[in-house]
Amino acid sequence: MIRPLSLPAALTAGLILATACAAAPSPARQEAGAGAAVSVPSRPLRGMPAVEVMVNGQGPFLFGIDTGAPGPIRLDQATAERLGLPLVGHETTGDGSGENEVEVPIYGVAAFTLGGRPLPAREAHAVDARRWGGEFVGLFGMDVLKDGILTLDFADDTVSLQPGALPSADGRTVFDYTVAEDGLMLLTLTIGGRELQAVLDTGHTAATLVMPEAMARTLITGEPRARGQMRTVSNLLTVYEGDLASPVRLGETTLPISTVTWPGPGEMLLIGSKALRGARVRIDQTHQRIEITWPRGVPSPA
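Computed from a predicted model, the values in this text were never measured in an experiment. (Residues numbered from 1 in each chain as written. Predicted model: local features only at pLDDT ≥ 70, side-chain atom pairs only at ≥ 80, totals over all residues. Heavy atoms only, no water.)

## Remarks on the pattern of salt bridges
This is how it is decided: Each salt bridge in this description consists of a side-chain nitrogen of Lys or Arg and a carboxyl oxygen of Asp or Glu lying within 4 Å of one another. By the criteria applied, helices consist of DSSP H or I runs no shorter than four residues and strands consist of E runs no shorter than two, each listed in order from the N terminus. Think of it in three bands: with a 1.4 Å probe and only protein chains considered, a residue is buried below 20% of the maximum accessible area for its type, exposed above 50%, and partly exposed in between.
With the rule as written, the count across this model stands at 12 salt bridges. Notably, a salt bridge pairs Arg280 with Asp156, separated by 3.2 Å at the nearest N-O pair. One end of the pair, Arg280, is in strand 25 (residues 280-284); the other, Asp156, is in the loop between strand 12 (149-153) and strand 13 (158-162), and 124 residues separate them in sequence. Residue classification places Arg280 among the partly exposed residues on the basis of a relative accessible area of 25%. Three or more residues joined by partner-sharing salt bridges are found here, namely Asp153, Asp156, Arg280 and Arg296.

## Examining the packing of aromatic side chains
Quick note on the threshold: Side-chain rings of Phe, Tyr and Trp (the six-membered ring for Trp) are treated as a pair once their centres are within 6.5 Å; stacked means planes under 30 degrees apart, edge-to-face means over 60, and tilted covers the remaining angles.
A complete count under the given rule lists 4 aromatic pairs for this structure. When the ring of Phe63 is compared with that of Phe112, the centres are 5.3 Å apart and the planes differ by 65 degrees; the resulting orientation is edge-to-face. With a gap of 49 residues between them, Phe63 in strand 4 (residues 58-65) and Phe112 in strand 8 (residues 112-114) connect regions that are remote in the sequence. Phe112 carries the same exposure label as Phe63, and that label is buried. With 5.9 Å between their ring centres and 75 degrees between their planes, Phe63 and Phe140 make a pair best called edge-to-face. One end of the pair, Phe63, is in strand 4; the other, Phe140, is in strand 11 (residues 138-140), and 77 residues separate them in sequence. Taken as a pair, Phe63 and Phe140 share a single burial class, namely buried. In textbook terms, an aromatic cluster arises when at least three aromatic residues are bridged by ring pairs, as seen for Phe63, Phe112 and Phe140.

## Describing the nonpolar core
Note the cut-off: To qualify as a nonpolar core, a set must consist of buried Ala, Val, Leu, Ile, Met, Phe, Trp, Tyr and Cys residues joined through side-chain atoms within 4.5 Å.
Ranked by internal contacts, the top residues of the largest apolar core, which has 62 residues, are Phe63, Phe112, Phe140, Leu209 and Val281. A per-element tally of this core places strand 16 (residues 185-191) first, with 4 residues.

## Re the environment of Glu195
Rules: For this analysis, residues touch if any pair of their heavy atoms sits within 4.5 Å.
Within the element layout of this structure, Glu195 appears in strand 17 (residues 194-201). Residue class for Glu195 comes out exposed when judged on its relative accessible area of 64%. When sequence neighbours within four positions are dropped, the list of residues in contact with Glu195 reads Thr188, Leu189 and Thr190.

## Some words on unusual backbone geometry
In this structure, Pro60 follows Gly59 across a cis peptide bond, with omega equal to 5 degrees. In this structure, Pro60 sits in strand 4. Along the chain, Trp262 connects to Pro263 via a cis peptide bond; the corresponding omega equals 0 degrees. Turning to its location among the elements, Pro263 is positioned in the loop between strand 23 (259-262) and strand 24 (270-272). Even without glycine at this site, Asn56 takes up a positive phi of about 50 degrees. If you trace the backbone, Asn56 turns up in the loop between strand 3 (48-55) and strand 4. For Asn56, a relative accessible area of 29% translates into the label partly exposed. The backbone of Asp157 sits at a positive phi, close to 50 degrees, despite the residue not being glycine. For Asp157, a relative accessible area of 31% corresponds to the partly exposed category.

By themselves, these observations are geometric and do not establish any function.
Printed below as a string of structure tokens:
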């Protein structure tokens, strides 16, 4: 999920956009048709999967896959200008708090391909990647990955997109999710007998679970501890972590989560990519289902 914050090294992970220029060209790849199955290696950038893509036939460029980023792709503004992408409009965006809104450019994209497969990206919303000090130049918007089943394999570091649909939810490995008004995917967690809606957010790599302070304090045992500081557009905030008094369950599955962190973006709950270590996550946006399995077993809680 895109949030213009900056944290110390231990906490920056889930809030990174990128600055790098195009990677060295890869050998020519055979073009795959629209809708064809494709599988490519991924690179875990502090936990978020990242893959190489081509933009208007140029690249490859490294893009992160952030399930907390609905809509179109996000692209470093300097890279968009270097590629000569046409300016087609502007959007208003913010930091998740409902405040600190800014207007950013939107650029037109003629071709956006993953592993030779064309994806339906026709515009890129600009970001200033220099401030994050990261390693990639853009983010996928989940709208670009709606056609078929998206697999984020954290166990074997691959990303694939293939035709088909997930089976019906069984409460063990396959789960229904709901879609918030802003397009975010919400899973129902159970913590201490309470059902809570949480965003699946692979772009938040600093923690396993994030929620508002008032809620977190009702679910922890013992005293919270300070983990560092984070900076928003207008504030410098202390980040706290507490030990959960009860396990975190998704259906019949106990997730490898033992701590909760705050503050977060507004009133949202987030399941960060640290909670998906070693998992294979398959997402069927057409039928609003997610499958989560651990090929090598569920790891110990982080």
